[in-house]
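An overview of the molecular structure
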Amino acid sequence: MNFSSAELKKLAAPVAMLLVFVALGALLIYWVDQEQLRAKQQLVAARAERAQARERLTRIAEEEKEVNDKLAVYRRLKSLHVLGEEQRLEWADAMTRIRTSRELLDLRYLVDRKRLLLSAPGKPANVDFYASTMKVDIALLHEGDLLTFLHDLRESGNAYYSVRKCSISRTGTAPTGTSIVPRLRAECDVDLITIIDRAAKA
Amino acid sequence: MLLGLRSQVDEQRRDAAVATQQYERITASFPVTQTTTDNLKATVVEFTRIATQSASPEPALLYLSQVVEKFPQIEIESVQWRVGRPEERPEGAPNSSKPAAAPAPAPGDARTVPSGETLQLLEVTGRVNAIKRSEYRAITGQVQRFAEALRTDPAWRIVRTQLPFDVTSEGTLSGDIGSAEGSDAPKFTITVGRALK
């Protein structure tokens, strides 16, 4: 099929338009493909961002719960002066108070030098646990005296009292009619535990 | 397709923004502490560990008192409560350098206490009164019943029993039939232990 020059002239404009539309169509397809690709990448990024934000939120909720739970214990330790420097004068006062209030016949004690029990790693500084062993020698009328003594000691605060050893034995002293004599003697070793948090604000 | 993807992107971004806002709101409402979060955790975790490794003698002494009440013939001479391992000898305990003279361990002692486990231990030393010294069967039986009674609460296990008489084949069995009954009643020692909570 041959076209005359007149016919070719007539066709030139529509063919040119056709080529332009084909080119435009190809460009449009390319653009849509690129946009789709970009949108897919954005979706992946947005999903990751969302997952990260959700995870952080979950973690912070757990952390808040943990901090709240532990804070109650921490505050209690602080209010009882378990957290802080040793209060040796307070310990002596407490022993005198217990002896007087419980009318104990004889109460002797000796508190050893404090020793480092453990150092827990923290940030920015460690938390140090100290123990001072108190050796107590008490004359008892009956076993109940020891139980009330230990109860009063714990209630007095200023340390965490961890009893390591307690022995009770008979004194062998025969009761006389005129004076009260102790029937039993108790010897106990009690660790007085205090904590120094080196990151704590005053 | 493209519009659907874009709406999904917007939705994911909205969710992320909501989570971030929530995070910031919660952080702002965090309690004010006097220390860092790390030290707060270290303090409480270690303190809790120390507290769980501690025990108090009161429940053990009350338990012993309840058991002793059922045995009027038994007179307690001394009681020692301690936290430690059964194989450790308590400070100030007599060093048994004369094994032949030592009272005999009772048959059926609970040797099942795992070595190395920290327990609260109660060592009871006493005598059996109101039974003639020569009635060693009755005395031994009484001590064994007392030891069994100390296991009424299954949490307590017998760690060691020393009977007043050495009835093992390895020991020396002696008698003094017909002598005066004036000497002290024979002594026994029972050690019971229970795991720390």
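Residues numbered from 1 in each chain as written. Chains lettered and ligands numbered in written order. Predicted model: local features only at pLDDT ≥ 70, side-chain atom pairs only at ≥ 80, totals over all residues. Heavy atoms only, no water.

Turning our eyes to something else, we now look at the overall build of chain A. Scanning chain A from terminus to terminus reveals 3 helices and 5 strands. Ordered by position in the sequence, the α and β elements of chain A form the string α-α-β-β-β-α-β-β. In terms of overall size, chain A is more extended than a compact globule, its C-alpha atoms giving a radius of gyration of 42 Å where 202 residues would be expected to give roughly 17 Å. Principal axes of the C-alpha set define a box for chain A whose edges measure 150 × 30 × 25 Å. The 202 residues of chain A split such that 35% are buried. Once local pairs closer than 6 in sequence are excluded, the contacts in chain A between residues at least 24 apart make up 67%. With the model as given, the accessible surface of chain A reaches about 12,600 Å², and the carbon-plus-sulfur share is 58%. The averaged location of the 27 negative side-chain charges in chain A is 4 Å from the averaged location of its 32 positive side-chain charges. (Helix = DSSP H or I, 4+ residues; strand = E, 2+ residues; numbered from the N terminus. Rg over C-alpha atoms; globule rule 2.2 N^0.38 Å. Buried < 20%, exposed > 50% of the residue type's maximum accessible area, 1.4 Å probe, protein only. Contact = heavy atoms within 4.5 Å. Areas by Shrake-Rupley, 256 points an atom, 1.4 Å probe, with all protein chains shown as cover. Lys, Arg positive; Asp, Glu negative; His and termini not counted. Charge placed at Lys NZ, Arg CZ, Asp CG, Glu CD.)

Moving on, we come to the overall build of chain B. Counting its regular elements, chain B contains 4 helices and 4 strands. A burial count over chain B gives 42% of its 197 residues as buried.

Here we come to helix α4 (residues 136–149) of chain B. All names here are of chain B. For α4, spanning 14 residues, the distance from its first C-alpha to its last is 20 Å, which sits close to the expected 20 Å at 1.5 Å a residue. Of the positions making up α4, those classed as buried are Ile-139, Thr-140, Gly-141, Gln-142, Val-143, Phe-146, Ala-147 and Ala-149. The elements touched by buried residues of α4 are α3 (58–68), β1 (74–84), β2 (119–128), β3 (157–162) and β4 (187–195). (Expected span 1.5 Å × (residues − 1).)

Right, let's get into the nonpolar core. Counting 55 residues, the largest nonpolar core has Leu-146 and Phe-149 of chain A together with Leu-122 and Phe-146 of chain B as its most contacted members. It is α3 of chain B that provides the largest number of residues to this core, a total of 6 residues. Other than its neighbours up to four places away in sequence, Phe-149 of chain A contacts Met-95, Ile-98, Leu-104, Leu-107, Val-136 and Ile-138 of chain A. Judged by nonpolar contacts, the second largest core, of 19 residues, contains Ala-131 and Ile-195 of chain A together with Leu-40 and Phe-47 of chain B. (Core = buried A, V, L, I, M, F, W, Y, C linked by side-chain atoms within 4.5 Å.)

With that settled, consider the pairing of strand β3 (residues 127–140) of chain A. Residue and element names in this part refer to chain A. Extensive coverage of β3 is indicated by the burial of 12 of its 14 residues. Two elements, strand β1 (residues 106–111) and β3, share 6 bridges in a ladder whose sense is antiparallel. Its bridge partner lying in β3, Arg-108 is registered against Asp-137. Note: strand β2 (residues 115–120) against β3, 5 bridges, orientation antiparallel. Counterpart to Ser-119 in the pairing with β3 is Asp-128. (Pairing = 2+ DSSP bridges.)

Residues and elements named next belong to chain A. Where nonpolar side chains cluster on the molecular surface, the patch consists of Met-1, Phe-3, Leu-8, Leu-11, Val-15 and Leu-19 and spans about 650 Å² of accessible area. On the secondary structure map, Leu-19 appears in helix α1 (residues 5–79). On the accessibility criterion, Leu-19 (57% relative accessible area) is exposed. (Patch = residues over 30% accessible without salt bridge, like charges linked within 9 Å, V, L, I, M, F, W, Y side chains within 5 Å. Salt bridge = Lys/Arg side-chain N within 4 Å of Asp/Glu carboxyl O.)

For the rest of this paragraph, the subject is the packing of helix α3 (residues 143–155) of chain A against α3 of chain B. At a minimum axis separation of 10 Å, α3 of chain A and α3 of chain B run at an interaxial angle of 160 degrees. By the criterion of interaxial angle, the relationship of α3 of chain A to α3 of chain B is roughly antiparallel. For the crossing formed where α3 of chain A meets α3 of chain B, the hand is left-handed. Contacts from Leu-146, Leu-147, Leu-150, His-151 and Arg-154 of chain A of α3 of chain A reach α3 of chain B at Glu-58, Leu-61 and Leu-62 of chain B. In terms of residue class, the contact of α3 of chain A with α3 of chain B is made up of 5 nonpolar, 1 polar and 2 charged. (Axes fitted to C-alpha atoms, helices over the stretch in contact; angles between N-to-C directions. Parallel < 35°, antiparallel > 145°, perpendicular 65-115°, else oblique. Left-handed = near helix turned anticlockwise from the far one by under 90°. Nonpolar A, V, L, I, M, F, W, Y, C, P; charged D, E, K, R; others polar.)

Residue and element names in this part refer to chain A. The contact between helix α2 (residues 88–101) and α3 brings their axes to 10 Å, and the two run at 140 degrees. Judged by the inter-axis angle, α2 sits oblique to α3. For the element pair α2 and α3, the recorded crossing hand is right-handed. Of the residues in α3, those touching α2 at Met-95, Ile-98 and Ser-101 are Phe-149, Asp-152 and Leu-153. Here the contact of α2 with α3 is composed, by residue class, of 4 nonpolar, 1 polar and 1 charged.

What follows concerns the interface of chain A and chain B. In this assembly, 62 residues from chain A lie in contact with 56 residues from chain B. Carbon and sulfur atoms supply 65% of the area that chain A and chain B bury against each other, a total of about 5,400 Å² over both sides. At the junction of chain A with chain B, the criterion picks out 5 salt bridges. Measuring nitrogen to oxygen at the nearest pair gives 2.7 Å for the salt bridge that ties Arg-50 of chain A to Asp-15 of chain B. Applying the counting criterion to the chain A and chain B interface returns 15 residue pairs in polar contact (both at pLDDT 80 or more). Mapped onto the side of chain A that touches chain B, the elements with two or more residues apiece are α1, β2, β3, α3, β4 (160–170) and β5 (184–197) of chain A. If you tally residues by element for the side of chain A that touches chain B, the top one is α1 of chain A, at 27 residues. Here the residues of the side of chain A that touches chain B sort into 31 nonpolar, 9 polar and 22 charged. (Buried area = accessible area lost by both parts, 1.4 Å probe. Polar contact = N/O pair within 3.5 Å; in protein donor to acceptor, adjacent residues only side chain to side chain.)

Purely spatial values, then, with no claim about function.
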